[in-house]
Amino acid sequence: MLVECRYVYPQVVAPVRETCAQTIGVILKHTDAETVKRVMMVLLTLQAQEEWEVRHGGLMGLKYLMAVRQVQNGWKTLFIK
């Protein structure tokens with residue numbers, strides 16, 4: 001029996017990476033500022049990799065980090081809980 005599995009939305013190119021990035025975002029919403037900074041540094045490090053899949057995953061992680069931390073008055077408020 002074949003079962004179609006849609007992780008997020010039908011228009012998502014990489015559903016597993018998208019789901020993982022969303023999960024990271026949810027976790028970062030409830031973590032302290034220092035942990036958010038460390039995770040952000042890891043995600044930025046992924047941007048230096050040669051493989052596009054790795055860079056894409058890092059960008060999606062940053063997308064959800066920014067979404068849940070809601071930058072309001074510039075970068076300073078990104079890490080203030």
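None of these values were measured; they are calculated from a predicted model. (Residues numbered from 1 in each chain as written. Predicted model: local features only at pLDDT ≥ 70, side-chain atom pairs only at ≥ 80, totals over all residues. Heavy atoms only, no water.)

A. A look at the overall build of the protein chain. Of the regular secondary structure elements, the protein chain holds 3 helices and 0 strands. Listing each helix as α and each strand as β along the protein chain from the N terminus yields α-α-α. Accessible surface, the protein chain as shown: approximately 6000 Å² in total, 62% of it carbon and sulfur. (Helix = DSSP H or I, 4+ residues; strand = E, 2+ residues; numbered from the N terminus. Areas by Shrake-Rupley, 256 points an atom, 1.4 Å probe, with all protein chains shown as cover.)

B. Just the nonpolar core, in detail. Residues Leu28, Val36, Met40, Leu43, Leu62 and Leu65 constitute the largest nonpolar core, which totals 6 residues. Elements represented by at least two residues in this core include exactly helix H2 (33-46) and helix H3 (52-69). Top element by residues in this core is H2. It accounts for 3 residues. (Core = buried A, V, L, I, M, F, W, Y, C linked by side-chain atoms within 4.5 Å. Buried < 20%, exposed > 50% of the residue type's maximum accessible area, 1.4 Å probe, protein only.)

C. Examining the pattern of salt bridges more closely. If you walk through the whole model with that rule in mind, you get 1 salt bridge. Salt-bridge contacts for lysine 63 lead to glutamate 18; the nearest nitrogen and oxygen are separated by 3.7 Å. Of the two residues, lysine 63 is situated in helix H3 and glutamate 18 in helix H1 (residues 15-29); the sequence distance between them amounts to 45 residues. With a relative accessible area of 8%, glutamate 18 lands in the buried category. (Salt bridge = Lys/Arg side-chain N within 4 Å of Asp/Glu carboxyl O.)

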